[in-house]
Amino acid sequence: MPSAPRVAARLAAAGCIAPDAEAALLLADTPGDDVLDARLVRREAGEPLEHIVGWASFAGRRVAVSPGVFVPRPRSEALVARALDLLAAAPPPRVAVDLCTGSGALAVVLAAALPDARVLAVDDDRRALDDARRNGAPLGVEVLEGDLDAPLPPDVRGAVAVLTAIVPYVPADELRYLPAEAREHEPRRALDGGPDGLDLLRRVAAAAPSLLRPGGHVLLEVAAHQAATATKVLELVGLARVAVGWDDDEITFVEGSAPGP
Ligand SMILES: C[S@@+](CC[C@H](N)C(=O)[O-])C[C@H]1O[C@@H](n2cnc3c(N)ncnc32)[C@H](O)[C@@H]1O
């Protein structure tokens, strides 16, 4: 097995921004020299490390993520921490729904922390759904295939305590500025939010009032520059206590609550 400095040097030469950390992870996660070399070649070609090793670290958990599936981002951890607090504080029965679930990362964090909660997760991409089932099934997450809230069962409508969605929210014209790792290795459908990036967010917001129980919450990830428009969208659909959520000094999500207790 090559030494960590030699692996890090290859990664640095290929332009990786954290070569030492990536080298340590690759060496710890890779069974033998042949596999390591094949993995290094893939990484040098720009494939996301998470797709190569088959998992991502998210909110302290290891989440399976296959090639072609959106890689959960650290910037989503503040949103899921807030969702967890809100769900824990909700009186039972606790129902959480994660739309646009991808690998199921958010749903898994909620289900693992609150085993008595009913957690449902929806996506419309078969590869993402395979990962979501692999990650979520052992924790009882109900993974459903379809367009946004369409596949949710009737007994969940009006009963959701916490609704989360990390919709695609990159404005279509800005997709070309994304890092090549995202542009070339994640599906456009996971990234493209339409002209101002908020097409899907508007659809989730419109569905939220009929999904949430009185006092239930919706949390939606945005880029900081979209927060003002996104909060107006939440207000216009009739949600109350609309606010922005922060991760350190950056706005990363918006939230609103259904009127009620
Ligand atoms: C930005 S990714 C977020 C994935 C996951 N929540 C995460 O943070 O890792 C957006 C996801 O939305 C899914 N998606 C896009 N449009 C959808 C739609 N109309 N209905 C259901 N899922 C959709 C994509 O397949 C993708 O998995």
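Everything numeric in this text was worked out from a predicted model, so none of it was measured. (Residues numbered from 1 in each chain as written. Predicted model: local features only at pLDDT ≥ 70, side-chain atom pairs only at ≥ 80, totals over all residues. Heavy atoms only, no water.)

Here's the deal with the overall build of the protein
Piece 1. For the protein, the count of helices and strands is 10 helices and 9 strands.
Piece 2. A compact globule built from 261 residues would reach a C-alpha radius of gyration of about 18 Å, and the protein, at 19 Å, matches this within 12%.
Piece 3. Along the first, second and third principal axes, the C-alpha atoms of the protein reach 60 × 40 × 30 Å.
Piece 4. Per-residue burial over the protein gives 51% buried out of 261 residues.
Piece 5. By sequence separation, contacts in the protein at least 24 residues apart represent 62% of the contacts at least 6 residues apart.
Piece 6. Here the protein displays about 11500 Å² of accessible surface, and carbon together with sulfur accounts for 56% of that area.
Piece 7. Both charge centroids of the protein, one from 26 positive and one from 38 negative side chains, sit 3 Å from each other. (Helix = DSSP H or I, 4+ residues; strand = E, 2+ residues; numbered from the N terminus. Rg over C-alpha atoms; globule rule 2.2 N^0.38 Å. Buried < 20%, exposed > 50% of the residue type's maximum accessible area, 1.4 Å probe, protein only. Contact = heavy atoms within 4.5 Å. Areas by Shrake-Rupley, 256 points an atom, 1.4 Å probe, with all protein chains shown as cover. Lys, Arg positive; Asp, Glu negative; His and termini not counted. Charge placed at Lys NZ, Arg CZ, Asp CG, Glu CD.)

A few points about the pattern of salt bridges
Piece 1. For the structure shown, the criterion picks out 22 salt bridges.
Piece 2. One salt bridge connects Arg-73 with Glu-186, and the closest N-O pair in it is separated by 2.8 Å. Of this pair, Arg-73 sits in the loop between strand S2 (61-64) and helix H5 (77-89) while Glu-186 is found in the loop between helix H8 (180-185) and helix H9 (199-211), placing the two residues 113 residues apart along the sequence.
Piece 3. Among the residues examined, Arg-73 registers a relative accessible area of 27% and is labelled partly exposed. (Salt bridge = Lys/Arg side-chain N within 4 Å of Asp/Glu carboxyl O.)

Considerations on the site of the ligand
Piece 1. In the region of the ligand, 17 residues are neighbours, and Cys-100, Asp-123, Asp-147, Leu-148 and Ala-190 sit closest.
Piece 2. Within the side chain of Asp-123, an N or O atom sits 2.7 Å from an oxygen atom of the ligand.
Piece 3. Arg-189 is positioned with one of its side-chain polar atoms (N or O) 3.5 Å from a nitrogen atom of the ligand.
Piece 4. Its residues assigned to classes, the shell around the ligand shows 9 nonpolar, 3 polar and 5 charged. (Near = heavy atom within 4 Å. Polar contact = N/O pair within 3.5 Å; in protein donor to acceptor, adjacent residues only side chain to side chain. Nonpolar A, V, L, I, M, F, W, Y, C, P; charged D, E, K, R; others polar.)

So, the packing of aromatic side chains
Piece 1. This model, assessed by the stated rule, comprises 0 aromatic pairs.
Piece 2. Above the face of the Trp-55 ring, Arg-62 is positioned so that its terminal group lies 3.7 Å from the ring centre. (Phe/Tyr/Trp six-rings, centres within 6.5 Å; stacked < 30°, edge-to-face > 60°. Lys NZ or Arg CZ within 6 Å of the ring centre and 35° of its normal.)

With respect to H9
Piece 1. Its 13 residues place the ends of H9 19 Å apart at the C-alpha level, agreeing with the 18 Å of an ideal helix rising 1.5 Å per residue.
Piece 2. Of the surrounding secondary structure, the elements contacted by the buried residues of H9 are strand S3 (95-99), strand S6 (160-165), strand S7 (212-221) and helix H10 (227-236). (Expected span 1.5 Å × (residues − 1).)

Details of the domain arrangement of the protein
Piece 1. By the assigned domains, the protein splits into domain 1 (4-64) and domain 2 (74-257).
Piece 2. In this complex, domain 1 contributes 11 residues to the contact, which on the side of domain 2 involves 16 residues.
Piece 3. For the domain 1 and domain 2 pair, buried surface summed over both sides reaches about 1100 Å², with 63% attributable to carbon and sulfur atoms.
Piece 4. Area buried by domain 1 at its contact with domain 2 is led by Phe-58, Arg-61 and Ala-64, which between them contribute 50% of it.
Piece 5. Linking domain 1 with domain 2 are 1 salt bridge, by the criterion used here.
Piece 6. Close ionic contact of Glu-181 with Arg-43 constitutes a salt bridge, the shortest N to O distance being 3.1 Å.
Piece 7. Between domain 1 and domain 2 we count 3 residue pairs in polar contact (both at pLDDT 80 or more) in total.
Piece 8. Looking at the side of domain 1 that touches domain 2, the elements with two or more residues in it are strand S1 (55-58) and S2.
Piece 9. Per element, the largest residue contribution to the side of domain 1 that touches domain 2 is 3 residues, and it comes from S2.
Piece 10. The residue makeup of the side of domain 1 that touches domain 2, split by class, is 5 nonpolar, 3 polar and 3 charged. (Domains from an automatic or database assignment. Buried area = accessible area lost by both parts, 1.4 Å probe.)

Side note on the environment of Ala-107
Piece 1. Counting through the fold element by element, Ala-107 comes out in helix H6 (residues 105-113).
Piece 2. When the C-alpha positions of Ala-107 and Leu-239 are compared, they lie 23 Å apart, and in sequence the two are 132 residues distant.
Piece 3. Beyond its immediate chain neighbours, meaning those up to four positions away, Ala-107 contacts Asp-98, Thr-101, Val-119, Ala-121 and Val-141.

Digging into the pairing of S3
Piece 1. In terms of residue burial, S3 counts as a mostly covered element, since 5 of its 5 residues are buried.
Piece 2. Residues of S3 alternate between two faces, with Val-95, Val-97 and Leu-99 on one and Ala-96 and Asp-98 on the opposite face, all of them buried.
Piece 3. The pairing of S3 with strand S4 (residues 118-123) spans 5 bridges and is classified as parallel. In the strand pairing of S4, Asp-98 is matched with Ala-121.
Piece 4. Bridging between S3 and S6 involves 4 bridges; their strand directions are parallel. Counted as the bridge partner of Ala-96 is Val-162 from S6. (Pairing = 2+ DSSP bridges.)

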